[in-house]
Amino acid sequence: MTPAALVSTRNLRIDVNNRTVLRDVNIDIAPGEIVTVVGPNGSGKSTLLRALIGAIRPADGFVRKRAGLRIGYVPQKLAIDGALPMTVRRFLSLPRRIDNATAARALEQAGVPDLGPRQMADLSGGQFQRVLLARALMERPELLLLDEATQGLDQPGSAAFYRQIEEVRRELGCAVVMVSHDLHVVMAASDRVLCINGHVCCEGAPETVASAPEYRALFGTGTRGALALYRHEHSHRHDHDHDHGHDHEKSA
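Thresholds, definitions, all that
Residues numbered from 1 in each chain as written. Predicted model: local features only at pLDDT ≥ 70, side-chain atom pairs only at ≥ 80, totals over all residues. Heavy atoms only, no water. Helix = DSSP H or I, 4+ residues; strand = E, 2+ residues; numbered from the N terminus. Expected span 1.5 Å × (residues − 1). Buried < 20%, exposed > 50% of the residue type's maximum accessible area, 1.4 Å probe, protein only. Polar contact = N/O pair within 3.5 Å; in protein donor to acceptor, adjacent residues only side chain to side chain. Pairing = 2+ DSSP bridges. Core = buried A, V, L, I, M, F, W, Y, C linked by side-chain atoms within 4.5 Å. Contact = heavy atoms within 4.5 Å. Salt bridge = Lys/Arg side-chain N within 4 Å of Asp/Glu carboxyl O. Phe/Tyr/Trp six-rings, centres within 6.5 Å; stacked < 30°, edge-to-face > 60°. Lys NZ or Arg CZ within 6 Å of the ring centre and 35° of its normal. Axes fitted to C-alpha atoms, helices over the stretch in contact; angles between N-to-C directions.

Novice: What exactly am I supposed to notice about helix H5 (residues 155-172) here?
Specialist: Because the α-helix completes a turn every 3.6 residues, residues three or four places apart line up on one side. Taking 1.5 Å per residue, 18 residues should reach 26 Å; H5 reaches 26 Å between its end C-alpha atoms and fits that length. Residues of H5 that are buried: Pro156, Ser158, Ala159, Ala160, Phe161, Tyr162, Arg163, Gln164, Ile165, Glu166, Val168 and Leu172. Of the residues that open H5, the one with a side-chain oxygen 2.8 Å from the backbone nitrogen of Gly157 is Asp154. Taken from the residues just after H5, Gly173 is the one with a positive phi, measuring 70°.

What follows is the structure, given as structure tokens:
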């Protein structure tokens, strides 16, 4: 483990149902960086995140975390019975009661300060994911893990969510590791990209990975152009017009 790393893996192997899902994974997550994990379906992306939080025991190698590391986790999905009356505020207090100030701060950081009194069953997909994000932020994490957190959202909704993640990173100074299928959107918001397919195929800056033969073999050559296009629009949106940027994202 490098001295500055929040979490490291060395020679990590994960077996699920007697099948090796990940092997020889060696990564270090540094404070404050945004790392995106990409790969095809079944490549082990979600398994890697679950290993990082300690939900899966390695078959070989190890995961090592900095002592006392605070971790926030946003799962891929969470099923809540729509017939069960539960406000957002009450949801945030499960299983451990939190005070109003903590709940309000977390909702504010997630970009949904007014949702506390709303019923969970009445939330849109985007609002629901923001509430899950708020829940992950309550402990002021040093490492925030997001597993397909924008699944089911349209492209403008996904882009808005990732802009919120960038804001969270700026405010808390936390590292972010996120798994996603929104390749050009997420990669443009990342400091580093890990491309995995049972092992780490390639890693590095987004442009480096987008032009790597291993990445292009998995995702084709079109994604590099999409990444460059999004980077331009991403910059344009911040400099000029929010709504204009949303139109661009939809057509990208």
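Let's pick the thread back up.
Novice: Sorry if this is basic, but what is going on with the pairing of strand E7 (residues 175-179) here?
Specialist: Taking burial as the measure, the five residues of E7 include five buried ones, the bulk of the element. Taking every second residue as pointing to the same face, both faces of E7 are buried, with Ala175, Val177 and Val179 on one and Val176 and Met178 on the other. Looking at chain direction, strand E3 (residues 34-38) and E7 are connected through four bridges and run parallel. What sits directly across from Ile34, in E7, is Val176. Judged from the five bridges that link them, strand E6 (residues 143-147) and E7 form a sheet pairing that is parallel. Its bridge partner lying in E7, Leu146 is registered against Met178.

Novice: Is there a simple way to explain the nonpolar core in this structure?
Specialist: Buried together is how nonpolar side chains tend to be arranged in soluble globular proteins. Ranked by internal contacts, the top residues of the largest apolar core, which has 34 residues, are Leu92, Leu133, Leu144 and Leu146. Secondary structure elements with two or more residues in this core: helix H2 (88-92), helix H3 (100-109), helix H4 (125-137), E6, H5 and E7. Of all the elements, H4 adds the most residues to this core, at seven residues. The residues touching Leu133, leaving out its near neighbours within four places in the chain, are Val74, Ala110, Leu144, Leu146, Phe161, Gln164 and Ile165. Counting residues in each nonpolar core, the second largest holds 24 residues, with Leu6, Leu12, Val25 and Ala175 among its members.

Novice: Explain the pattern of salt bridges here, please?
Specialist: Opposite charge on two side chains makes pairing possible when the charged atoms of those side chains draw close. Applying the stated criterion across every chain, the model contains nine salt bridges. Two residues, Arg66 and Glu142, come together in a salt bridge whose shortest N-O distance is 2.6 Å. Taken together, the positions of Arg66 in the loop between strand E4 (60-65) and strand E5 (71-74) and Glu142 in the loop between H4 and E6 put the pair 76 residues apart, joining distant regions of the chain. Given a relative accessible area of 19%, Glu142 falls into the buried group. Each of Glu33, Arg192 and Glu203 takes part in salt bridges that share partners, so that together they form one network.

Novice: Please clarify how the packing of aromatic side chains should be interpreted in this entry.
Specialist: Here the distance between the centres and the angle between the planes together describe a pair of aromatic rings. Under the criterion given, the structure shown has two aromatic pairs. Arranged with centres 6.1 Å apart and planes meeting at 85°, the rings of Phe161 and Tyr162 form a pair that is edge-to-face. For the residue pair Phe161 and Tyr162, the accessibility class agrees, reading buried in each case. Positioned above the aromatic ring of Phe62 is the side chain of Arg64, whose terminal nitrogen or guanidinium carbon lies 4.3 Å from the ring centre.

Novice: Any chance you could explain the sheet that holds E6 here in plain terms?
Specialist: Think of a sheet as strands paired side by side through backbone hydrogen bonds, with each pair either parallel or antiparallel. As summarised here, the arrangement of the six strands in space is E5-E6-E7-E3-E8-E9, forming an open sheet in which the pairing is mixed. Where the open sheet ends on each side, the last strands, each with one partner, are E5 and strand E9 (200-204). Neighbour-to-neighbour, the strand axes of this sheet turn through a mean angle of 15°, independent of strand direction. Both strand E8 (residues 192-196) and E9 contribute to a ladder of four bridges, which runs antiparallel. Counted as the bridge partner of Ile196 is Val200 from E9. Packed onto the sheet, helix H1 (residues 45-52) meets E3, E5, E6, E7 and E8 and runs at close to 150° relative to E6.

Novice: Would you mind showing me how to read the sheet that holds E4 here?
Specialist: An order of E2-E1-E4 is seen for the three strands of this open sheet, with the pairing classed as antiparallel. Both edges of this open sheet fall to strand E2 (19-29) and E4, since each of them pairs with a single strand only. Between one strand and the next, the sheet's axes are offset by a mean angle of 25°, whatever the strand orientation. Of the pairings in the sheet, the one linking strand E1 (residues 7-16) to E2 comprises seven bridges and is antiparallel in character. Across the sheet, Asp15 pairs through a bridge with Thr20, a residue of E2.

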